[in-house]
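# Structural overview for review
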Amino acid sequence: MPIKAFRKLQLIIAILLPLSVFSQSEELSKKDTNTYNDVKRYKGESRFGCDTNDVVEDTLFLTLFRYDPLFSGDYMYASMGNIGRPHRPLFLSTPSIQFTFRTFPIVAYEYKMGNTNIYNVKSPFTRLFYTTGSGKENYLEGVHAQTIKNISFGINFRVISALGFYLNEKSSNTGGSFYVGYDHSNKKYGNFSGFMFNRLNPQENGGIEIDSIFEQNSQPNRAGVNTRLSKAQNKIKTNTLFFSQYYNPFFHQKDTSTSDINPGTFEQIFSYERNYHIFEETAPNASNYEFFIRDTANTYDSTSNIKATNGIYWSNYSMHRQPKKSSYFFIRTGIKHEYVEVKDYTKNYYSSQIIPEAEVLYKYQKNNELGLKGAFIIDGYAKNGYQSTLWATAKPWKTKSHRFKIAGIITSKIPDFFYSHFHGNNYQWDNLNLANTLQIQTNIEYSNKFIDAGISNYVINNQIFLDNRYQPLQFEKTIYHLQAFTNIRLRYRSFYWLINATATQGNNDTIMAFPKFSTRQSLFFRFPLFDKRMQFQTGVDVMYITSYYAPRYVPAIGDFVIQHDKQYGNFVYIDYFIGFKVKQFNAMIKIQNAAKGLLGYTYMMIPQYPLPDRLFKLSISWRFYD
């Protein structure tokens, strides 16, 4: 372990451990402080859509070692090595039909409505998390949430700074959100508003020049390995303002419960997004590019877009106030307007589209439901796009946790605007005749308190991709793709085993380039010390993916292009960790890639971007509750 990291660990333990362990009373030492039922959360998109159905926050520290967003969820992303850099999902998902200029491949580190947690707490809640380690990595994340009478507010933030081990691969990311909500005590009126921002600045080195230098470990000093780019950087800047409100005009304050007949709830949403993307390279090397369009001495590709969204909805029941009876119909319908501006150095583009939406849900016997929802786009760039979803869920045994869900989703959407028009210093295109991509998706899922599992079947027409000539094309043939996942949580006494695994199978491994099998598993022991005042754990975290034709990343485009020359993967990546928990304070020491070199040098998920060699990390997390 580096001397600086070891000294930091000594200081933290010396100050915090005695205070935490020996100042507890006997009553507190025996109290189970792992779960706080008043800490609940839901995703920002749910609260923005006036839906406040929440779940209990997991306050355990079992997965502290999986703090990197690329590996903390059910599915993994392909990493470039250094934290905070561009990445690629190793899974398919359901697209949104709303206008999208482009999706820069760094989504796991962005604050968006779909991944930002909104907290519902009865008392103030604060959580701080910090990691420092080799490669000059510093990762700081925090959240504070509080409720004062009928007003709730919260702050989320994340700061990442990591130099990395190879030349010119520094990441510098900052992002956060602030929100405030008001709900009248009888839920007749409520609103929710806030602001999100992201400042993502990954340095771009283009990857190492020759794979064999890494694979043969001919240059153990990674700072001495030549990279393709020396003075290049992508910069992504996003700002989002949002506001939503609901109103029950026919609800009387004297009502103490939801009646069987609700004349209606009205909802209104508004958001304003402003996004910037810049690729900058000083003194570009001509051997890396076929030609320069504007400037041979400097590249400064800049694009920006604005999207304003306004929508009005009506529903017969508010999600805040649902009927007490076990069976009922829920209806929600509305219309949304999107106005868009896109700018680059050549011209400005404008688009305006209207999206009618409707949803019908039949809930019966409390635990079962059948639903149908759909949306259609009128006019604008995404004209004639649509999406419809039919689903059913069931909990056949009332006293058990077993849950089944089946869903069918049909999506027809024009590819992102980026694939229609892009003008850079080295690459450009104007595709005026792109067809809608049609995706038919069928999902079957099962879950209980030990396991989540599911299988999805995709049938895709007109799939968009970047070919090896760095141009967007649509695949003319139909793609069939099968994707299965399982998340298993096992425990026997002090032994824990967490399993995340995915398997894929399709008829085109180049366009849909995913490993056939990928898994991340954690095996560890957890047991009490100091008369149960401390919880201690130690174990390993193991990642494995099979070989596949991983797409190649092109920094000047900020996207991936297909390749079928070489397969990447087929490696085992092992992390070892030890940690402890005292009340709400957690700490962890992690040795990443503990088996470096023992199984060869094949740990590369994206061409020319090896994962880190052995490194040491120290993490602390502290939750505060009133």
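Our subject is the structure that appears above.
The notes below deal with the structure included here. This structure is a prediction, so every number in the text was calculated from the model and none was measured.

### A word on the environment of Gly334
The residue Gly334 is located in strand E15 (residues 328-343) in this model. The class of Gly334 is buried, set by a relative accessible area of 16%. The contact partners of Gly334, leaving out residues within four places of it in the chain, are Ile312, Tyr313, Ile355, Pro356 and Glu357.

### Brief notes about a nonpolar patch on the surface
There is a patch of nonpolar side chains on the surface, built from Ile335, Ile354, Phe376, Ile378, Tyr386, Ile410 and Ile440 and spanning about 540 Å² of accessible area. Mapped onto the secondary structure, Ile335 falls in strand E15.

### Section: the packing of aromatic side chains
Under the counting rule described, the total for this entry stands at 40 aromatic pairs. Ring geometry for Tyr427 and Tyr470: centres 5.2 Å apart, planes at 45°, overall tilted. Of this pair, Tyr427 sits in the loop between strand E20 (421-423) and strand E21 (428-430) while Tyr470 sits in the loop between strand E24 (464-466) and strand E25 (472-474), and the two are 43 residues apart along the sequence. Taken together, a centroid distance of 5.3 Å and an interplanar angle of 50° make the contact between Tyr553 and Phe560 tilted.

### As for the pattern of salt bridges
A complete count under the given rule lists 20 salt bridges for this structure. In this structure, Arg66 engages Asp541 in a salt bridge whose closest nitrogen and oxygen atoms are separated by 3.5 Å. With Arg66 in the loop between strand E2 (55-56) and strand E3 (77-79) and Asp541 in strand E29 (residues 534-545), this residue pair connects regions lying 475 residues apart in the sequence. Here Arg520 and Asp541 are joined by a salt bridge, their closest N and O atoms 2.6 Å apart. Pair noted here: Arg520 is in strand E28 (residues 517-529) and Asp541 is in strand E29, with a separation of 21 residues, a long-range link. Arg520 sits in the buried class, given a relative accessible area of 5%. With relative accessibility at 1%, the residue Asp541 sits in the buried group.

What counts as what
Residues numbered from 1 in each chain as written. Predicted model: local features only at pLDDT ≥ 70, side-chain atom pairs only at ≥ 80, totals over all residues. Heavy atoms only, no water. Helix = DSSP H or I, 4+ residues; strand = E, 2+ residues; numbered from the N terminus. Buried < 20%, exposed > 50% of the residue type's maximum accessible area, 1.4 Å probe, protein only. Contact = heavy atoms within 4.5 Å. Patch = residues over 30% accessible without salt bridge, like charges linked within 9 Å, V, L, I, M, F, W, Y side chains within 5 Å. Areas by Shrake-Rupley, 256 points an atom, 1.4 Å probe, with all protein chains shown as cover. Salt bridge = Lys/Arg side-chain N within 4 Å of Asp/Glu carboxyl O. Phe/Tyr/Trp six-rings, centres within 6.5 Å; stacked < 30°, edge-to-face > 60°.

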